[in-house]
Amino acid sequence: MKNTNEMSAPTEIELKLALAPAQLDALLRHPVLANAPQEKQILTNTYFDTPKGHLAAAKVAVRLRRIDGRVLQTVKTAGHGGGGLSSRQEWEWQVPEHTLDAIALASLPPFQSGLADAIALLRPTLSTDFTRCSWQLQWEGSHIELVFDDGEIVCGEARAPICEVELELKAGDSQALWSLAGALAGSVPLRPSDSSKAARGNALGNQQWPLPDAEHPAEWLHRATVALDAYHDSHLTEHLTAAQQALATLAKHPELDDASQAAAALLPKALDNAGMPTTAYGVAALTLAHRLAHETALR
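On a predicted model such as this, the values are computed, not experimentally measured, just so you know.

Parameters at a glance
Each chain carries its own residue numbering, running from 1 in the direction its sequence is written. For this predicted model, a pLDDT threshold of at least 70 governs which residues receive local features, and a threshold of 80 or more governs which side-chain atom pairs are given and counted, while totals over whole chains, interfaces and linings are taken from all residues. Where side-chain values are given, they derive from all heavy atoms of the structure, hydrogens and water being excluded. Helix numbering and strand numbering both begin at the N terminus, where a helix is a DSSP run of H or I of at least 4 residues and a strand a DSSP run of E of at least 2. C-alpha atoms define the radius of gyration, and 2.2 Å times the number of residues to the power 0.38 defines the globule rule. Should any heavy atoms of two residues lie within 4.5 Å, those residues are considered in contact. As used throughout, the charge tally considers Lys and Arg to be positive and Asp and Glu to be negative, leaving His and the chain termini uncounted. Charge positions are represented by NZ for Lys, CZ for Arg, CG for Asp and CD for Glu. The axes used here are C-alpha line fits, helices contributing only the stretch in contact, and every angle between their N-to-C directions lies in the interval 0 to 180 degrees. In this scheme the handedness of a crossing depends on how the near helix is turned from the far one: anticlockwise by less than a right angle means left-handed, clockwise means right-handed. Just so you know the grouping, Ala, Val, Leu, Ile, Met, Phe, Trp, Tyr, Cys and Pro go in nonpolar, Asp, Glu, Lys and Arg go in charged, and all remaining residues, Gly too, go in polar. Note that the term roughly parallel is reserved for angles under 35 degrees, roughly antiparallel for angles over 145, roughly perpendicular for angles of 65 to 115, and oblique for everything else. Stacked, tilted and edge-to-face are the three classes assigned to paired rings of Phe, Tyr and Trp, where Trp is represented by its six-membered ring and a pair needs centres within 6.5 Å; plane angles under 30 degrees give stacked, over 60 edge-to-face, the rest tilted. Our definition puts a charge over a ring when NZ of Lys or CZ of Arg is within 6 Å of the ring centre and also within 35 degrees of the ring normal. Between N or O atoms, a polar contact is any pair within 3.5 Å; within protein, one atom must be a potential hydrogen donor and the other a potential acceptor, and residues adjacent in sequence are included only when both atoms are from side chains. Here the rule is simple: two strands pair whenever DSSP picks up at least two bridges between them. Burial classes follow relative accessibility: with a 1.4 Å probe on protein chains only, a residue under 20% of its type's maximum area counts as buried, one over 50% as exposed, and anything between as partly exposed. The definition of a nonpolar core used throughout is a set of buried Ala, Val, Leu, Ile, Met, Phe, Trp, Tyr and Cys residues joined through side-chain atoms within 4.5 Å. By definition, pLDDT measures how confident the predictor is in each residue, and it falls between 0 and 100. To estimate how far a helix should extend, the number of its residues minus one is multiplied by 1.5 Å.

**Student:** When you look at the overall build of the protein in this model, what are you seeing that I'm missing?
**Tutor:** Scanning the protein from N- to C-terminus turns up 10 helices and 11 strands. The C-alpha radius of gyration of the protein comes to 19 Å, within 12% of the 19 Å expected for a compact globule of 299 residues. With respect to the principal axes defined by its C-alpha atoms, the protein has extents near 55 × 45 × 35 Å. Sequence-distant contacts in the protein: of pairs separated by 6 or more residues, those separated by 24 or more amount to 66%. Side chains of the protein give 24 positive and 35 negative charges; the mean places of these two sets differ by 3 Å.

Here is the structure:
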């Protein structure tokens with residue numbers, strides 16, 4: 001077993017953006033990526049949980065990933081953020097075969113309390129298989145890895161497409177993530193996404209898409225974002241309606257200052273009847289999320 005002190009345990013800071021498949025060419029033509037070297041990999045991922053979903057309830061993800069002939073085991077904790085931005089702890093290390101390293105799991109903080117007994121009960125619950133294209137970018141003095149994932153989430157008989165952009169801060173200032181996302185959203189219709197692949201898979205398997213409660217502006221933006229994620233996976237109009245209602249409530253929220261209110265007012269008009277964003281939606285949503293600079297418990 002690899003000593004846990006040798007495992008990578010950084011705080012992962014990333015900004016996730018959902019992309020319609022029809023907009024992929026627009027993304028690849030963007031000047032930020034047009035002349036940058038690209039790496040392409042095939043990733044196959046298996047997520048684990050107990051039969052009663054103890055990890056999902058604790059917002060902890062355990063994953064085995066096959067990539068470039070290696071198998072990596074990953075543990076991620078519940079994230080905080082919103083408007084697409086998330087910050088979470090992550091541990092990742094190589095294992096010799098596609099079998100969970102239970103001893104190493106037991107040594108990690110998430111499994112040293114209530115989840116300790118769950119380790120023996122872990123079993124495969126869902127998979128996320130996708131092609132990942134990645135670019136290493138220098139942006140405003142920061143190193144950002146931009147990845148585009150294209151594939152599918154499978155949980156039992158349920159399936160949902162993966163088509164998303166992730167901007168991960170490798171070194172530098174997290175403000176650069178907002179700046180780069182804004183530069184992309186100015187010409188590519190993107191929308192912030194607050195649901196992890198694991199959370200999406202769990203919702204698919206249960207056929208339940210719970211939405212977070214909201215009171216303050218940051219929470220209403222988060223509710224709208226999660227509702228849009230739910231709508232595009234479930235195709236249930238109730239979630240699109242919930243997103244539209246959350247955006248309408250946000251636009252009239254008395255706690256917003258004038259500049260934030262102007263951005264919020266654009267959002268309901270910049271989302272079409274199929275829940276697809278225009279460039280105006282992406283720019284306004286990112287601007288508002290950045291201004292609110294909030295931290296909300298994520299899925």
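**Student:** Before we go on, may I ask you to explain the packing of helix α9 (residues 258-266) against helix α10 (residues 279-292) in this structure?
**Tutor:** Packed helices, taken two at a time, are described by the angle between their axes plus the distance between the axes. Running from N to C, α9 and α10 point in directions that differ by 145°, and their axes come no closer than 9 Å. Every pair of crossing elements has a handedness; the one defined by α9 and α10 is left-handed. Where α9 abuts α10, its residues A259, S260, A263, A264 and L266 lie against A284, L288 and R291. When grouped by side-chain class, the residues that make up the contact of α9 with α10 number six nonpolar, one polar and one charged.

**Student:** Mind showing me how you'd approach the packing of helix α7 (residues 217-234) against helix α8 (residues 237-251) here?
**Tutor:** Contact geometry for α7 and α8: axes closest at 8 Å, N-to-C directions at 160°. When the axis of α7 is compared with that of α8, the two are roughly antiparallel. Viewed along their axes, α7 and α8 form a crossing whose handedness is left-handed. Taken together, the residues of α8 that come into contact with α7 (itself represented by P217, W220, L221, R223, A224, A227, L228, A230, Y231 and S234) are T237, H239, L240, A242, A243, A246, L247, T249 and L250. Considered class by class, the residues forming the contact of α7 with α8 number 14 nonpolar, four polar and one charged.

**Student:** I tried to follow the packing of aromatic side chains on my own but got confused; where do I start?
**Tutor:** Two descriptors summarise a pair of aromatic rings, namely the distance from one centre to the other and the angle between the planes of the rings. By the definition in use, this model includes zero aromatic pairs. A cation over an aromatic ring shows up here: K197 above the ring of F130, its NZ or CZ 5.0 Å from the ring centre.

**Student:** How should the side chain of E12 be read in this particular structure?
**Tutor:** By the element assignment, E12 lies in strand β1 (residues 11-19). Here the side chain of E12 touches K76 through a polar contact of 3.4 Å, side chain to side chain. Aside from chain neighbours lying at most four places away, what touches E12 is K76, S86, S87, R88, E90 and E168.

**Student:** Could you clarify how one ought to interpret the pairing of strand β2 (residues 39-49) in this entry?
**Tutor:** Strand residues, when the strand is regular, have side chains that alternate between the two faces of the sheet. By the bridge criterion, 11 bridges tie β2 to strand β7 (residues 123-139) in an arrangement that is antiparallel. Across the sheet, the residue bridging to T44 is D129, located in β7. Note that β2 and strand β3 (residues 61-67) share five bridges and pair antiparallel. Looking at the pairing, F48 lines up with V62 of β3.

**Student:** Help me understand the side chain of R63, please; the structure alone is not making it clear to me.
**Tutor:** Its location among the elements puts R63 in strand β3. Look at R63 and you get buried, because its relative accessible area is 7%. Only 3.4 Å separates the side chain of R63 from the side chain of E92, close enough to count as a polar contact. Contact partners of R63, with chain neighbours within four places excluded, come to N45, T46, Y47, L72, Q73, T74, K76 and E92.

**Student:** Just checking my understanding: could you explain the nonpolar core for this structure?
**Tutor:** In globular proteins that are soluble, nonpolar side chains generally tend to be buried together. Ranked by internal contacts, the top residues of the largest apolar core, which has 51 residues, are L15, V165, L167 and L267. For this core, the element with the highest residue contribution is helix α5 (residues 175-185), accounting for seven residues. Those residues in contact with V165 that lie beyond four places of it in its chain are L15, K16, L17, L19, L27, L146, V147, F148 and L190. Of all hydrophobic cores here, the second largest spans 18 residues; its members include F48, V71, L105 and L115.

**Student:** Looking at this structure, how should I read unusual backbone geometry?
**Tutor:** Residues apart from glycine generally show negative phi values, whereas peptide bonds are mostly found in trans. A positive phi angle, near 60°, is found at K59, a position not held by glycine. Position of K59 among the secondary structure elements: in the loop between α3 (54-58) and β3. When its relative accessible area of 37% is taken as the criterion, K59 is described as partly exposed.

**Student:** Any chance you could explain the confidence of the model for the protein here in plain terms?
**Tutor:** The predicted coordinates should not be examined in detail at positions where pLDDT is low. Chain-level pLDDT for the protein is 92 on average; 94% of the residues reach the 70-or-more range. Residue range residues 1-6 is modelled with pLDDT below 50. Its contacts to residues more than four positions away, or to other chains, number eight contacts.

**Student:** Looking at this structure, how should I read α8?
**Tutor:** Taking 1.5 Å of rise per residue, 15 residues should cover 21 Å, and α8 covers 21 Å from first to last C-alpha, within 8% of that figure. Within α8, the full set of buried residues consists of H239, L240, A242, A243, A246, L247, L250 and A251.

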